[in-house]
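# Breakdown of the fold
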Amino acid sequence: MSPRFKLLRTSTFRLAALYLILFVLSVGTLLGYVYWNTAVLLERQTDETIRAEVQALADQYRLRGLGGIIDTIRRRSTDESGAVYLLTDVTGQRIAGNLTNLPAIPMDEANWIEFPLDVEKGNARERHVARAFYTNLAGGFELVVGRDVEALRQFATIIRQTIFYALAIALVLGLGGGVLMSRNFLKRVDAITEASRTIMAGNMAGRMPVTGSSDELDRLALALNEMLDQIEALMGAMKEVSSNVAHDLKTPLTRIKARVEAALRSGAEQEYRAALESTVDESDRLLATFNALLSIARAEAGQSRSGLAPIDASAIIADVVDLYEPMVEEEGGRLLSIAPEGLTVMGDRQLLAQALTNLLDNALKYGARAGKTPELEVSGAIEGEKVVIAVRDRGEGIPEEDRARVTERFVRLDSSRSKPGNGLGLSLVSGVMKLHKGVLLLEDNEPGLAAKLVLPLHRA
Ligand SMILES: Nc1ncnc2c1ncn2[C@@H]1O[C@H](COP(=O)(O)OP(=O)(O)OP(=O)(O)O)[C@@H](O)[C@H]1O
Ligand SMILES: [Mg+2]
């Protein structure tokens, strides 16, 4: 598309053109109205005056006879009003009036004539236009009464010219403005297009130009930039996850390889057996890692929201507590549970149970101070329009600055490295919360951690 053509096709230019048309139409109407109210009405008024004078003269003739009308015409012909008169007899001879003879110009049907009139202005002669009414009087006399309408005509011409120039100027300015505006618009759209091209070409750090005027294009650019920020962050996270996955798989695979090689070297049947058994263990752990990763991805994608049904969270709490109570008691600890019935949420029973299991698993793992037994508490309650399921422990807790990042995949705090785990438990919990339109809150239990699942309450 040629650049000029492109300009005409911008929405700004079309809008400007539309406004221009409307503007020119309204200005035209306004000026037309002014023209009508001045020039046309003045001309009509002149016609009225002439007609009235003809009437008056005809009355004179009727009442006072020829002498009367001649007298009146003579008197009136001398003043400088621009009035013209001519009275002729049957033979066409002038009897009275300031017009020497009637120009041979055909009159229109309504007895009006227009003719050039020579006027003395000081020493010079000027040619003006006169407009006159022609009438027959009884006895074969003819009467012409008219006015010098030169000034009137000039006035009308000035108004017409003004209208023409005003419209022309409006048109030129409007078109120019439209072109300028759309060129500016086009420049900015082109800049955005150009920026997207460079980003697509691989420059992920590139951003849309923002002028700071906070107009709609700026808002668009800002929104696109926010989107790009998020895409960049997600891509960064993806890279980190893949390198973490690679790292997490590398260690157990290296271990498996080392053991199998050692067994092969020793050649003892006992060694073979031990190596195979540890291989099975490592494989189980690897599979568990993969399953966790897949569950997180599935929950985060939020595909299975249609599979959610109203369920009572207190039943889930009871199940999970039943499962964990023996384990906590085995460590000499206590697990307290308070959950009234009727904690209805729209949820996936299995995923919610998994999330709660992960929280209890953490509480059991990290929830006891050195040399102490775990004191755990699981509670469920309705708070306003929310169902809150909390798991509290009395361990070291999570420092405030780490609470956001522990929900990322593979993040484990240095203090917990001695305990088994992949750093995927809380990622799955927050994935499950995302699917349920809920949130995972990590708070200080003074001491210990209070991990809360906050879900929208479902009212039947
Ligand atoms: N109750 C808790 N008290 C103290 N620290 C905790 C608690 N729960 C989680 N953390 C910290 O958050 C980190 C991330 O927890 P997450 O459950 O995601 O992983 P993990 O327990 O290490 O491994 P996984 O759950 O995959 O077996 C833990 O490594 C630990 O450092
Ligand atoms: Mg965990």
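How each quantity is defined
- Throughout this document, residue positions are counted from 1 along each chain, in the order its sequence is written.
- Written order decides the labels, with chains lettered from A and ligands numbered from 1.
- Restriction of local features to residues with pLDDT of at least 70 applies here, the model being predicted, together with a cutoff of 80 or more for giving and counting side-chain atom pairs; totals for whole chains, interfaces and linings are based on all residues.
- At least two DSSP bridges between two strands are needed for those strands to be called paired.
- Numbering of helices and strands runs from the N terminus; a helix is a DSSP stretch of H or I covering at least four residues, while a strand is a stretch of E covering at least two.
- Axis lines are fitted to C-alpha atoms, over the contacting stretch for helices. Their N-to-C directions set the angle, which ranges from 0 to 180 degrees.
- Contacts here follow a simple rule: the backbone-placed C-beta atoms of the two residues must lie within 7 Å.
- Expected helix span is taken as 1.5 Å per residue step, with the number of steps being one fewer than the number of residues.
- We define the bend at each residue as the angle formed by axes fitted to the 7 residues ending at it and the 7 residues starting at it.
- Around each residue's C-beta, the other C-beta atoms within 10 Å are counted; 20 or more make the residue buried, 12 or fewer make it exposed, and counts in between make it partly exposed. All C-beta atoms are placed from the backbone.
- Each domain's extent is set by a domain assignment, obtained either automatically or from a database.
- Under the scheme applied, nonpolar residues are Ala, Val, Leu, Ile, Met, Phe, Trp, Tyr, Cys and Pro; charged residues are Asp, Glu, Lys and Arg; polar residues are all the others, including Gly.
- The criterion for a residue being near a molecule or strand is a backbone-placed C-beta atom within 6 Å of that molecule or strand.

## Here's the deal with the sheet that holds strand β12 (residues 449-456)
Strand order in this open sheet of 5 strands is β7-β9-β10-β12-β11, and the pairing throughout is mixed. Each end of this open sheet is capped by a strand with a single partner; those strands are β7 (334-338) and β11 (439-444). Here the average twist between neighbouring strands, direction ignored, is 15°. Judged from the 5 bridges that link them, β7 and strand β9 (residues 375-383) form a sheet pairing that is parallel. If you follow L336 over to β9, its bridge partner there is E377. Lying on the sheet, helix α7 (residues 349-366) is in contact with β9, β10 (386-392) and β12; it crosses β10 at an angle near 25°.

## Topic: helix α6 (residues 313-330)
Look at α6: 26 Å from first C-alpha to last across 18 residues, which is about the 26 Å you get at 1.5 Å a residue. Along its length, α6 shows its largest kink, about 35°, at Y324, and proline P326 lies within four residues downstream of that point. All buried positions along α6 are accounted for by A313, S314, I316, I317, V320, Y324 and V328. The inward-facing, buried residues of α6 abut β6 (309-312), β7, β8 (344-347), α7, β9 and β10. Two residues or fewer after α6 comes G332, characterised by a positive phi angle close to 80°.

## Quick notes on the domain arrangement of the chain
Per the domain assignment, the segments making up the chain are domain 1 (3-161), domain 2 (216-299) and domain 3 (305-456). A C-alpha centroid distance of 24 Å is found between domain 2 and domain 3. Each partner contributes to the interface: domain 2 provides 9 residues, whereas domain 3 provides 11 residues. Secondary-structure elements contributing two or more residues to the side of domain 2 that touches domain 3 are α4 (216-266) and α5 (269-301). Of all the elements, α5 adds the most residues to the side of domain 2 that touches domain 3, at 6 residues. For the side of domain 2 that touches domain 3, the class distribution of residues is 5 nonpolar, 3 polar and 1 charged.

## What about the sheet that holds strand β3 (residues 112-121)?
Across a sheet, strands are paired by hydrogen bonds formed along the backbone, either parallel or antiparallel in direction. Here 5 strands make up an open sheet; going across it, the order is β2-β1-β5-β4-β3 and the pairing antiparallel. Of all strands in the sheet, those with a lone pairing partner are β2 (94-96) and β3, marking the two edges. Each strand axis lies, on average, 35° off the axis of its neighbour in the sheet, ignoring direction. Sheet topology places strand β1 (residues 83-88) next to β2; 2 bridges connect them, and they run antiparallel. Counted as the bridge partner of L87 is A96 from β2. Contacting β1, β2, β4 (124-137) and β5 (141-148), helix α2 (residues 11-78) runs over the sheet at an angle of about 135° to β5.

## Things to note about the site of ligand 1
Close contacts around ligand 1 come from 23 residues, with N362, L413, G421, G425 and L426 the closest. Sorting the residues of the shell around ligand 1 by element identifies α7 and α8 (425-435) as the ones contributing at least two each. No other element matches α7, which puts 4 residues into the shell around ligand 1. A per-class count over the shell around ligand 1 returns 9 nonpolar, 11 polar and 3 charged.

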